[in-house]
Number of protein chains: 2
Amino acid sequence: MKKPNNTYHHGDLRASLLREAAALLRDSGIDGLSLRRLSERVGVSRTALYHHFSDKHALLCALAADGFAQLDALMQPLSPASNAPPAERYTAFAKQYLDYATKNPSLYGLMFGHTLWRDKLADDSLKQIAYESFRHHLAAVKRWQEAGILPKEQDSLRLTQVTWGTLHGLAQLVIDGVYADSTHLEDICQCVGQLFCGMRTAKPQ
Amino acid sequence: MKKPNNTYHHGDLRASLLREAAALLRDSGIDGLSLRRLSERVGVSRTALYHHFSDKHALLCALAADGFAQLDALMQPLSPASNAPPAERYTAFAKQYLDYATKNPSLYGLMFGHTLWRDKLADDSLKQIAYESFRHHLAAVKRWQEAGILPKEQDSLRLTQVTWGTLHGLAQLVIDGVYADSTHLEDICQCVGQLFCGMRTAKPQ
DNA sequence: CAGTGAATCTTGACAGTGTCAAAATGCAGC
DNA sequence: GCTGCATTTTGACACTGTCAAGATTCACTG
(Lines give C-alpha, C1' and ligand atoms only; values in the text may rest on other atoms or scores of the structure.)
Protein backbone atom coordinates (compact mmCIF):
# COMPACT_ATOMS: atom_id res chain seq x y z
CA MET A 1 0.00 0.00 0.00
CA LYS A 2 2.83 2.33 0.79
CA LYS A 3 5.31 3.64 -1.74
CA PRO A 4 3.18 3.42 -4.88
CA ASN A 5 6.05 4.92 -6.81
CA ASN A 6 8.10 2.65 -8.97
CA THR A 7 10.89 2.35 -6.44
CA TYR A 8 9.73 -0.43 -4.22
CA HIS A 9 12.57 -2.43 -5.58
CA HIS A 10 15.51 -0.18 -5.23
CA GLY A 11 17.43 -1.92 -7.97
CA ASP A 12 20.91 -1.17 -6.78
CA LEU A 13 20.56 -1.28 -3.04
CA ARG A 14 23.73 -3.13 -2.18
CA ALA A 15 25.94 -0.63 -3.96
CA SER A 16 24.02 2.32 -2.55
CA LEU A 17 24.35 0.95 0.94
CA LEU A 18 28.09 0.57 0.57
CA ARG A 19 28.49 4.04 -0.87
CA GLU A 20 26.46 5.81 1.79
CA ALA A 21 27.97 3.70 4.54
CA ALA A 22 31.42 4.78 3.45
CA ALA A 23 30.31 8.42 3.46
CA LEU A 24 28.69 8.03 6.86
CA LEU A 25 31.82 6.38 8.20
CA ARG A 26 33.98 9.18 6.88
CA ASP A 27 31.72 11.91 8.27
CA SER A 28 30.53 10.53 11.57
CA GLY A 29 33.08 7.91 12.49
CA ILE A 30 32.53 4.30 13.31
CA ASP A 31 30.14 5.06 16.17
CA GLY A 32 27.99 7.22 13.92
CA LEU A 33 27.48 4.39 11.47
CA SER A 34 24.26 2.76 12.61
CA LEU A 35 22.00 0.71 10.42
CA ARG A 36 18.99 2.93 11.13
CA ARG A 37 20.82 6.11 10.16
CA LEU A 38 22.23 4.40 7.10
CA SER A 39 18.87 3.08 5.91
CA GLU A 40 17.23 6.44 6.53
CA ARG A 41 19.94 8.09 4.49
CA VAL A 42 19.49 5.66 1.61
CA GLY A 43 15.72 6.09 1.86
CA VAL A 44 14.85 2.54 2.69
CA SER A 45 13.58 0.54 5.63
CA ARG A 46 15.78 -0.41 8.54
CA THR A 47 15.86 -4.13 7.74
CA ALA A 48 16.09 -3.94 3.96
CA LEU A 49 19.80 -4.34 4.36
CA TYR A 50 19.49 -7.91 5.57
CA HIS A 51 18.72 -9.19 2.09
CA HIS A 52 22.10 -8.00 0.86
CA PHE A 53 24.25 -8.50 3.94
CA SER A 54 23.82 -11.27 6.43
CA ASP A 55 24.83 -9.01 9.24
CA LYS A 56 26.09 -5.60 10.20
CA HIS A 57 29.51 -7.19 10.43
CA ALA A 58 29.17 -8.34 6.85
CA LEU A 59 28.61 -4.75 5.76
CA LEU A 60 31.62 -3.62 7.76
CA CYS A 61 33.69 -6.41 6.22
CA ALA A 62 32.75 -5.22 2.76
CA LEU A 63 33.74 -1.67 3.65
CA ALA A 64 37.04 -2.87 5.07
CA ALA A 65 37.67 -4.96 1.97
CA ASP A 66 37.26 -1.83 -0.15
CA GLY A 67 39.75 -0.10 2.09
CA PHE A 68 42.31 -2.87 1.61
CA ALA A 69 41.83 -2.67 -2.12
CA GLN A 70 42.49 1.08 -2.04
CA LEU A 71 45.54 0.70 0.15
CA ASP A 72 46.88 -2.07 -2.00
CA ALA A 73 46.42 -0.10 -5.21
CA LEU A 74 48.04 2.91 -3.62
CA MET A 75 51.17 1.03 -2.65
CA GLN A 76 51.55 -0.78 -5.92
CA PRO A 77 53.26 1.95 -8.01
CA LEU A 78 55.94 2.23 -5.37
CA SER A 79 57.81 -0.75 -6.68
CA PRO A 80 59.54 0.70 -9.76
CA ALA A 81 63.13 1.51 -9.13
CA SER A 82 64.45 5.00 -8.75
CA ASN A 83 67.96 6.18 -8.29
CA ALA A 84 67.29 7.94 -5.01
CA PRO A 85 69.18 6.63 -2.00
CA PRO A 86 67.56 3.61 -0.30
CA ALA A 87 66.54 5.42 2.87
CA GLU A 88 64.73 8.10 0.91
CA ARG A 89 62.87 5.53 -1.12
CA TYR A 90 61.66 3.78 1.98
CA THR A 91 60.81 7.09 3.58
CA ALA A 92 58.57 7.91 0.64
CA PHE A 93 56.91 4.53 0.94
CA ALA A 94 56.22 5.03 4.65
CA LYS A 95 54.88 8.51 3.97
CA GLN A 96 52.43 7.16 1.43
CA TYR A 97 51.14 4.53 3.83
CA LEU A 98 50.74 6.98 6.68
CA ASP A 99 49.11 9.55 4.43
CA TYR A 100 46.44 7.09 3.42
CA ALA A 101 45.83 6.10 7.02
CA THR A 102 45.59 9.63 8.35
CA LYS A 103 43.39 10.79 5.52
CA ASN A 104 40.93 7.94 6.10
CA PRO A 105 41.14 7.51 9.84
CA SER A 106 37.77 5.88 10.43
CA LEU A 107 38.12 3.47 7.55
CA TYR A 108 41.64 2.57 8.59
CA GLY A 109 40.43 1.98 12.13
CA LEU A 110 37.72 -0.27 10.79
CA MET A 111 40.14 -2.24 8.63
CA PHE A 112 42.35 -3.14 11.54
CA GLY A 113 41.11 -2.27 15.00
CA HIS A 114 37.42 -2.84 15.33
CA THR A 115 36.86 -6.44 16.43
CA LEU A 116 36.41 -7.57 12.84
CA TRP A 117 39.46 -9.76 13.12
CA ARG A 118 39.56 -10.47 16.81
CA ASP A 119 36.29 -12.36 16.96
CA LYS A 120 36.85 -14.36 13.80
CA LEU A 121 34.14 -12.32 12.16
CA ALA A 122 36.07 -11.48 9.04
CA ASP A 123 34.45 -13.24 6.11
CA ASP A 124 36.43 -15.00 3.45
CA SER A 125 36.51 -12.24 0.87
CA LEU A 126 37.95 -9.82 3.42
CA LYS A 127 40.54 -12.34 4.54
CA GLN A 128 41.49 -12.99 0.96
CA ILE A 129 42.06 -9.40 -0.05
CA ALA A 130 43.82 -8.58 3.20
CA TYR A 131 46.21 -11.49 2.83
CA GLU A 132 46.76 -10.64 -0.79
CA SER A 133 47.72 -7.16 0.27
CA PHE A 134 50.19 -8.65 2.72
CA ARG A 135 51.66 -10.89 0.06
CA HIS A 136 52.24 -7.86 -2.13
CA HIS A 137 54.06 -6.17 0.70
CA LEU A 138 56.08 -9.32 1.27
CA ALA A 139 57.05 -9.44 -2.39
CA ALA A 140 58.13 -5.81 -2.26
CA VAL A 141 60.24 -6.48 0.82
CA LYS A 142 61.97 -9.34 -0.96
CA ARG A 143 62.71 -7.15 -3.94
CA TRP A 144 64.09 -4.43 -1.69
CA GLN A 145 66.23 -6.94 0.10
CA GLU A 146 67.72 -8.13 -3.16
CA ALA A 147 68.30 -4.53 -4.20
CA GLY A 148 70.16 -3.90 -0.97
CA ILE A 149 67.60 -1.45 0.34
CA LEU A 150 66.52 -3.60 3.23
CA PRO A 151 68.86 -5.91 5.16
CA LYS A 152 69.39 -9.09 3.21
CA GLU A 153 70.20 -11.23 6.20
CA GLN A 154 66.75 -10.98 7.75
CA ASP A 155 64.03 -13.52 7.09
CA SER A 156 61.68 -11.89 4.60
CA LEU A 157 58.48 -12.88 6.36
CA ARG A 158 59.62 -11.57 9.74
CA LEU A 159 60.92 -8.42 8.15
CA THR A 160 57.60 -7.84 6.43
CA GLN A 161 55.74 -8.32 9.68
CA VAL A 162 58.02 -5.88 11.45
CA THR A 163 57.97 -3.21 8.77
CA TRP A 164 54.22 -3.42 8.36
CA GLY A 165 53.88 -3.44 12.12
CA THR A 166 55.88 -0.25 12.31
CA LEU A 167 53.78 1.53 9.72
CA HIS A 168 50.60 0.24 11.28
CA GLY A 169 51.56 1.23 14.80
CA LEU A 170 52.59 4.70 13.72
CA ALA A 171 49.35 5.08 11.81
CA GLN A 172 47.34 4.22 14.88
CA LEU A 173 49.33 6.49 17.16
CA VAL A 174 48.97 9.41 14.76
CA ILE A 175 45.29 8.80 14.10
CA ASP A 176 44.44 8.59 17.76
CA GLY A 177 46.77 11.46 18.54
CA VAL A 178 48.27 9.59 21.45
CA TYR A 179 52.00 10.03 21.13
CA ALA A 180 52.39 11.67 17.78
CA ASP A 181 50.60 14.26 15.73
CA SER A 182 50.51 14.52 12.00
CA THR A 183 52.57 17.71 11.84
CA HIS A 184 55.79 15.77 12.39
CA LEU A 185 54.86 12.97 10.04
CA GLU A 186 57.64 13.84 7.62
CA ASP A 187 60.33 13.63 10.28
CA ILE A 188 58.96 10.38 11.60
CA CYS A 189 59.00 8.77 8.18
CA GLN A 190 62.54 9.91 7.67
CA CYS A 191 63.54 8.29 10.93
CA VAL A 192 61.87 5.07 9.83
CA GLY A 193 63.69 5.08 6.51
CA GLN A 194 67.07 5.69 8.09
CA LEU A 195 66.47 3.05 10.73
CA PHE A 196 65.51 0.33 8.30
CA CYS A 197 67.90 1.20 5.51
CA GLY A 198 70.34 3.36 7.38
CA MET A 199 73.62 1.54 7.52
CA ARG A 200 73.13 -0.18 4.23
CA THR A 201 75.36 0.64 1.33
CA ALA A 202 73.59 2.46 -1.47
CA LYS A 203 73.56 -0.16 -4.16
CA PRO A 204 70.77 0.88 -6.54
CA GLN A 205 69.90 -2.19 -8.59
CA MET B 1 11.98 -0.07 51.83
CA LYS B 2 14.08 -2.50 49.93
CA LYS B 3 17.38 -3.96 51.09
CA PRO B 4 16.89 -3.71 54.85
CA ASN B 5 20.28 -5.32 55.29
CA ASN B 6 23.16 -3.15 56.22
CA THR B 7 24.50 -2.91 52.69
CA TYR B 8 22.51 -0.10 51.20
CA HIS B 9 25.68 1.84 51.08
CA HIS B 10 28.12 -0.46 49.50
CA GLY B 11 31.04 1.26 51.10
CA ASP B 12 33.65 0.48 48.52
CA LEU B 13 31.69 0.64 45.31
CA ARG B 14 34.17 2.47 43.16
CA ALA B 15 36.93 -0.03 43.76
CA SER B 16 34.55 -2.96 43.34
CA LEU B 17 33.33 -1.57 40.04
CA LEU B 18 36.84 -1.20 38.74
CA ARG B 19 37.82 -4.69 39.85
CA GLU B 20 34.80 -6.42 38.33
CA ALA B 21 34.95 -4.30 35.21
CA ALA B 22 38.53 -5.42 34.67
CA ALA B 23 37.49 -9.04 35.13
CA LEU B 24 34.55 -8.62 32.79
CA LEU B 25 36.78 -6.98 30.22
CA ARG B 26 39.28 -9.81 30.44
CA ASP B 27 36.60 -12.51 30.18
CA SER B 28 34.09 -11.09 27.73
CA GLY B 29 36.02 -8.50 25.81
CA ILE B 30 35.21 -4.86 25.31
CA ASP B 31 31.81 -5.58 23.80
CA GLY B 32 30.83 -7.73 26.75
CA LEU B 33 31.48 -4.92 29.19
CA SER B 34 28.11 -3.27 29.61
CA LEU B 35 27.06 -1.22 32.57
CA ARG B 36 24.03 -3.43 33.26
CA ARG B 37 26.07 -6.61 33.30
CA LEU B 38 28.68 -4.95 35.43
CA SER B 39 26.21 -3.62 37.98
CA GLU B 40 24.44 -6.96 38.14
CA ARG B 41 27.75 -8.66 38.79
CA VAL B 42 28.63 -6.24 41.55
CA GLY B 43 25.13 -6.64 42.99
CA VAL B 44 24.02 -3.08 42.67
CA SER B 45 21.59 -1.04 40.61
CA ARG B 46 22.31 -0.10 37.03
CA THR B 47 22.75 3.59 37.73
CA ALA B 48 24.62 3.38 41.01
CA LEU B 49 27.78 3.76 39.01
CA TYR B 50 26.96 7.34 38.10
CA HIS B 51 27.80 8.52 41.59
CA HIS B 52 31.40 7.40 41.15
CA PHE B 53 31.98 7.91 37.44
CA SER B 54 30.52 10.70 35.39
CA ASP B 55 30.17 8.47 32.41
CA LYS B 56 30.89 5.06 30.97
CA HIS B 57 33.88 6.64 29.27
CA ALA B 58 35.15 7.76 32.67
CA LEU B 59 35.09 4.16 33.86
CA LEU B 60 36.91 3.04 30.74
CA CYS B 61 39.47 5.79 31.23
CA ALA B 62 40.11 4.58 34.75
CA LEU B 63 40.59 1.03 33.50
CA ALA B 64 42.93 2.21 30.79
CA ALA B 65 44.89 4.26 33.31
CA ASP B 66 45.42 1.13 35.38
CA GLY B 67 46.65 -0.61 32.28
CA PHE B 68 49.19 2.11 31.60
CA ALA B 69 50.39 1.90 35.18
CA GLN B 70 50.89 -1.86 34.81
CA LEU B 71 52.68 -1.51 31.50
CA ASP B 72 54.88 1.23 32.86
CA ALA B 73 55.82 -0.75 35.94
CA LEU B 74 56.55 -3.78 33.81
CA MET B 75 58.98 -1.94 31.57
CA GLN B 76 60.77 -0.16 34.37
CA PRO B 77 63.12 -2.94 35.50
CA LEU B 78 64.42 -3.28 31.98
CA SER B 79 66.75 -0.34 32.34
CA PRO B 80 69.60 -1.87 34.38
CA ALA B 81 72.54 -2.72 32.26
CA SER B 82 73.51 -6.22 31.35
CA ASN B 83 76.44 -7.47 29.39
CA ALA B 84 74.38 -9.16 26.75
CA PRO B 85 74.80 -7.86 23.22
CA PRO B 86 72.65 -4.82 22.35
CA ALA B 87 70.33 -6.58 19.95
CA GLU B 88 69.50 -9.23 22.52
CA ARG B 89 68.75 -6.63 25.13
CA TYR B 90 66.36 -4.85 22.87
CA THR B 91 64.82 -8.14 21.81
CA ALA B 92 64.07 -8.94 25.43
CA PHE B 93 62.51 -5.53 25.87
CA ALA B 94 60.28 -6.00 22.83
CA LYS B 95 59.30 -9.45 24.03
CA GLN B 96 58.22 -8.07 27.37
CA TYR B 97 56.07 -5.42 25.77
CA LEU B 98 54.41 -7.83 23.37
CA ASP B 99 53.90 -10.39 26.12
CA TYR B 100 51.96 -7.89 28.18
CA ALA B 101 49.87 -6.86 25.20
CA THR B 102 49.03 -10.38 24.10
CA LYS B 103 48.24 -11.53 27.61
CA ASN B 104 45.84 -8.63 28.16
CA PRO B 105 44.41 -8.19 24.69
CA SER B 106 41.15 -6.50 25.63
CA LEU B 107 42.75 -4.13 28.07
CA TYR B 108 45.47 -3.27 25.59
CA GLY B 109 42.86 -2.64 22.95
CA LEU B 110 41.03 -0.36 25.34
CA MET B 111 44.18 1.57 26.24
CA PHE B 112 44.93 2.46 22.66
CA GLY B 113 42.29 1.66 20.06
CA HIS B 114 38.83 2.24 21.38
CA THR B 115 37.90 5.85 20.65
CA LEU B 116 39.06 6.98 24.08
CA TRP B 117 41.73 9.14 22.48
CA ARG B 118 40.22 9.85 19.12
CA ASP B 119 37.24 11.77 20.43
CA LYS B 120 39.14 13.74 23.03
CA LEU B 121 37.37 11.73 25.69
CA ALA B 122 40.46 10.86 27.66
CA ASP B 123 40.30 12.60 31.01
CA ASP B 124 43.27 14.33 32.52
CA SER B 125 44.44 11.56 34.80
CA LEU B 126 44.58 9.15 31.88
CA LYS B 127 46.47 11.63 29.75
CA GLN B 128 48.88 12.26 32.54
CA ILE B 129 49.78 8.65 33.21
CA ALA B 130 49.94 7.83 29.50
CA TYR B 131 52.30 10.70 28.79
CA GLU B 132 54.38 9.81 31.81
CA SER B 133 54.71 6.33 30.43
CA PHE B 134 55.87 7.79 27.14
CA ARG B 135 58.43 9.99 28.89
CA HIS B 136 59.83 6.93 30.63
CA HIS B 137 60.21 5.24 27.29
CA LEU B 138 61.84 8.35 25.90
CA ALA B 139 64.30 8.43 28.76
CA ALA B 140 65.14 4.78 28.19
CA VAL B 141 65.73 5.43 24.50
CA LYS B 142 68.11 8.25 25.35
CA ARG B 143 70.03 6.01 27.72
CA TRP B 144 70.24 3.29 25.10
CA GLN B 145 71.45 5.78 22.55
CA GLU B 146 74.21 6.91 24.85
CA ALA B 147 75.13 3.30 25.55
CA GLY B 148 75.39 2.64 21.82
CA ILE B 149 72.48 0.24 21.77
CA LEU B 150 70.28 2.43 19.63
CA PRO B 151 71.60 4.69 16.86
CA LYS B 152 72.98 7.86 18.37
CA GLU B 153 72.47 10.00 15.31
CA GLN B 154 68.67 9.83 15.42
CA ASP B 155 66.56 12.43 17.18
CA SER B 156 65.49 10.83 20.45
CA LEU B 157 61.88 11.90 20.25
CA ARG B 158 61.41 10.59 16.71
CA LEU B 159 63.22 7.41 17.59
CA THR B 160 60.95 6.87 20.58
CA GLN B 161 57.87 7.41 18.46
CA VAL B 162 59.12 4.93 15.88
CA THR B 163 60.20 2.24 18.33
CA TRP B 164 56.99 2.51 20.32
CA GLY B 165 55.06 2.55 17.08
CA THR B 166 56.74 -0.67 16.04
CA LEU B 167 55.94 -2.42 19.31
CA HIS B 168 52.41 -1.06 19.27
CA GLY B 169 51.74 -2.06 15.69
CA LEU B 170 53.08 -5.55 16.22
CA ALA B 171 51.00 -5.88 19.36
CA GLN B 172 47.87 -4.98 17.44
CA LEU B 173 48.63 -7.30 14.55
CA VAL B 174 49.32 -10.20 16.88
CA ILE B 175 46.30 -9.55 19.08
CA ASP B 176 43.95 -9.32 16.13
CA GLY B 177 45.67 -12.22 14.44
CA VAL B 178 45.79 -10.36 11.16
CA TYR B 179 49.27 -10.84 9.82
CA ALA B 180 51.06 -12.49 12.69
CA ASP B 181 50.27 -15.07 15.31
CA SER B 182 51.80 -15.35 18.72
CA THR B 183 53.65 -18.57 17.98
CA HIS B 184 56.35 -16.69 16.08
CA LEU B 185 56.59 -13.88 18.60
CA GLU B 186 60.11 -14.82 19.57
CA ASP B 187 61.39 -14.64 16.02
CA ILE B 188 59.63 -11.35 15.39
CA CYS B 189 61.17 -9.77 18.46
CA GLN B 190 64.57 -10.97 17.39
CA CYS B 191 64.09 -9.35 14.02
CA VAL B 192 63.13 -6.10 15.72
CA GLY B 193 66.19 -6.16 17.92
CA GLN B 194 68.53 -6.83 15.04
CA LEU B 195 66.90 -4.17 12.90
CA PHE B 196 67.14 -1.44 15.50
CA CYS B 197 70.49 -2.36 16.99
CA GLY B 198 71.85 -4.57 14.27
CA MET B 199 74.83 -2.78 12.77
CA ARG B 200 75.80 -1.07 15.95
CA THR B 201 79.00 -1.98 17.74
CA ALA B 202 78.53 -3.67 21.07
CA LYS B 203 79.70 -1.02 23.47
CA PRO B 204 78.12 -1.93 26.85
CA GLN B 205 78.10 1.20 29.01
C1' DC C 1 20.08 12.47 71.65
C1' DA C 2 17.08 14.67 67.83
C1' DG C 3 17.22 16.56 63.39
C1' DT C 4 18.87 18.30 59.22
C1' DG C 5 21.68 18.11 54.82
C1' DA C 6 24.35 15.62 51.88
C1' DA C 7 25.93 11.49 49.92
C1' DT C 8 24.52 7.29 48.09
C1' DC C 9 21.53 3.98 45.92
C1' DT C 10 17.08 2.51 43.53
C1' DT C 11 13.13 2.67 40.52
C1' DG C 12 10.95 4.31 36.31
C1' DA C 13 11.43 6.01 31.95
C1' DC C 14 13.32 7.33 27.31
C1' DA C 15 15.71 7.20 22.98
C1' DG C 16 18.66 4.48 20.61
C1' DT C 17 20.76 0.08 18.89
C1' DG C 18 20.87 -4.76 16.01
C1' DT C 19 17.97 -8.40 14.62
C1' DC C 20 14.14 -11.76 13.95
C1' DA C 21 9.27 -13.15 12.18
C1' DA C 22 5.50 -12.25 9.45
C1' DA C 23 3.16 -9.63 6.16
C1' DA C 24 3.25 -6.77 1.91
C1' DT C 25 4.92 -5.75 -2.66
C1' DG C 26 6.77 -6.21 -7.24
C1' DC C 27 9.27 -8.96 -10.81
C1' DA C 28 10.11 -13.04 -14.00
C1' DG C 29 8.56 -17.26 -16.17
C1' DC C 30 5.12 -20.90 -17.29
C1' DG D 1 -3.09 -14.41 -15.84
C1' DC D 2 -1.29 -16.94 -12.38
C1' DT D 3 2.32 -18.73 -9.50
C1' DG D 4 6.87 -18.66 -7.25
C1' DC D 5 10.50 -15.90 -5.67
C1' DA D 6 13.25 -12.08 -4.46
C1' DT D 7 12.79 -7.94 -2.24
C1' DT D 8 11.01 -4.58 1.02
C1' DT D 9 8.24 -3.21 5.04
C1' DT D 10 6.05 -3.25 9.56
C1' DG D 11 5.94 -4.89 14.26
C1' DA D 12 8.24 -6.57 18.00
C1' DC D 13 12.02 -7.91 21.25
C1' DA D 14 16.04 -7.64 24.07
C1' DC D 15 19.63 -4.89 24.83
C1' DT D 16 22.30 -0.57 25.49
C1' DG D 17 23.63 4.24 28.09
C1' DT D 18 21.62 7.90 30.61
C1' DC D 19 18.44 11.20 32.97
C1' DA D 20 14.93 12.57 36.70
C1' DA D 21 12.75 11.65 40.87
C1' DG D 22 12.24 9.15 45.00
C1' DA D 23 14.17 6.09 48.88
C1' DT D 24 17.72 5.09 52.18
C1' DT D 25 21.64 5.80 55.04
C1' DC D 26 25.62 8.47 56.87
C1' DA D 27 27.80 12.56 59.08
C1' DC D 28 27.36 16.34 61.44
C1' DT D 29 25.27 20.28 64.21
C1' DG D 30 22.30 21.93 67.92
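In case you missed it, the structure is sitting above this.
As a starting point, this report considers the structure included with it. Just so we're clear, the structure is a prediction, and the values are computed from it rather than from any experiment.

1. Some words on the relation of the copies chain B and chain A
For the match of chain B to chain A, the screw axis carries a shift of 0.0 Å, the RMSD comes to 0.1 Å, and the turn is 180°. Here the transformation between the copies is reduced to the relation of a two-fold axis. By residue overlap, the copies meet face to face through one surface: 100% of the interface positions of chain B are interface positions in chain A.

2. Some points on the nonpolar core
Ranked by internal contacts, the top residues of the largest apolar core, which has 140 residues, are Tyr97(A) and Tyr97(B). Those residues in contact with Tyr97(A) that lie beyond four places of it in its chain are Leu71(A), Met75(A), Tyr108(A), Phe112(A), Trp164(A), Leu167(A), His168(A) and Ala171(A).

3. Focus: the side chain of Thr160(B)
In this structure, Thr160(B) sits in helix 7 (residues 156–176). Among residues more than four places away in sequence, those in contact with Thr160(B) are Phe134(B), His137(B), Leu138(B), Val141(B) and Gly165(B).

4. Observations regarding the packing of helix 4 (residues 86–103) of chain B against helix 7 of chain B
Residues and elements named next belong to chain B. Interhelical geometry of helix 4 versus helix 7 gives an angle of 45° and a closest axis separation of 9 Å. With respect to helix 7, the element helix 4 is oriented oblique. Helix 7 is crossed by helix 4, and the crossing has right-handed handedness. In contact with Tyr-90, Phe-93, Ala-94, Tyr-97, Leu-98, Ala-101 and Thr-102 of helix 4, helix 7 contributes Thr-163, Trp-164, Leu-167, His-168, Leu-170, Ala-171, Val-174 and Ile-175. A breakdown of the residues in the contact of helix 4 with helix 7 according to their chemical character gives twelve nonpolar, three polar and no charged.

5. Describing helix 2 (residues 35–42) of chain A
Residue and element names in this part refer to chain A. Of all the positions in helix 2, only Leu-35, Leu-38, Ser-39 and Val-42 are classed as buried. Projected down its long axis, helix 2 shows its buried positions confined to an angular sector of 95°, all on one face. Seen from the buried face of helix 2, the exposed residues on the opposite side, beyond 90 degrees, are Arg-36 and Glu-40. In this structure, the buried residues of helix 2 make contact with helix 1 (13–28) and helix 3 (56–75). Following helix 2 by one or two positions, Gly-43 has its phi on the positive side, about 85°.

6. What to know about the interface of chain B and chain A
With 43 residues of chain B at the interface, the matching set in chain A holds 43 residues. Around 3900 Å² of area is buried between chain B and chain A when both sides are counted, 65% of it from carbon and sulfur atoms. When the area that chain B buries against chain A is broken down by residue, the three leading residues are Arg158(B), Tyr179(B) and Leu195(B), summing to 20%. For the salt bridge of Arg158(B) with Asp187(A), the shortest nitrogen-to-oxygen distance reads 3.9 Å. Taken together, the connections running from chain B to chain A amount to nine residue pairs in polar contact (both at pLDDT 80 or more). At the level of elements, helix 6 (124–146), helix 7 and helix 8 (185–197) of chain B are the ones that each hand at least two residues to the side of chain B that touches chain A. Of the residues contributing to the side of chain B that touches chain A, the split by class is 22 nonpolar, 13 polar and eight charged.

7. Some thoughts on the packing of aromatic side chains
Scanning the entire structure with this criterion turns up 32 aromatic pairs over all chains. An angle of 40° between the planes, with centres 4.9 Å apart, marks the rings of Tyr108(A) and Phe112(A) as tilted. A relative accessible area of 1% means that Tyr108(A) is categorised as buried. A centroid spacing of 6.5 Å and a plane angle of 75° characterise the contact between Tyr179(A) and Phe112(B), whose relative ring orientation is edge-to-face.

8. Concerning helix 8 of chain B
At 3.6 residues per turn, the α-helix brings residues three or four places apart onto the same side. Helix length check: helix 8 of chain B (13 residues) gives 18 Å between terminal C-alpha atoms against 18 Å at 1.5 Å per residue, within 8%. On its buried face, helix 8 of chain B sits against helix 7 (156–176) and helix 8 (185–197) of chain A together with helix 4 and helix 7 of chain B.

9. Quick word on the state of the cysteines
Residue and element names in this part refer to chain A. Applying the stated criterion across every chain, the model contains zero disulfides over all chains. Unpaired in this structure, Cys-189 has its nearest cysteine sulfur neighbour in Cys-191, at a distance of 9.8 Å. Cys-191 sits in the buried class, given a relative accessible area of 2%.

What counts, and at which threshold
Residues numbered from 1 in each chain as written. Chains lettered and ligands numbered in written order. Predicted model: local features only at pLDDT ≥ 70, side-chain atom pairs only at ≥ 80, totals over all residues. Heavy atoms only, no water. Least-squares fit on C-alpha atoms with pLDDT ≥ 70 in both. Contact = heavy atoms within 4.5 Å. Core = buried A, V, L, I, M, F, W, Y, C linked by side-chain atoms within 4.5 Å. Buried < 20%, exposed > 50% of the residue type's maximum accessible area, 1.4 Å probe, protein only. Helix = DSSP H or I, 4+ residues; strand = E, 2+ residues; numbered from the N terminus. Axes fitted to C-alpha atoms, helices over the stretch in contact; angles between N-to-C directions. Parallel < 35°, antiparallel > 145°, perpendicular 65-115°, else oblique. Left-handed = near helix turned anticlockwise from the far one by under 90°. Nonpolar A, V, L, I, M, F, W, Y, C, P; charged D, E, K, R; others polar. Arc of directions from axis to C-beta. Buried area = accessible area lost by both parts, 1.4 Å probe. Salt bridge = Lys/Arg side-chain N within 4 Å of Asp/Glu carboxyl O. Polar contact = N/O pair within 3.5 Å; in protein donor to acceptor, adjacent residues only side chain to side chain. Phe/Tyr/Trp six-rings, centres within 6.5 Å; stacked < 30°, edge-to-face > 60°. Expected span 1.5 Å × (residues − 1). Disulfide = S-S within 2.5 Å.

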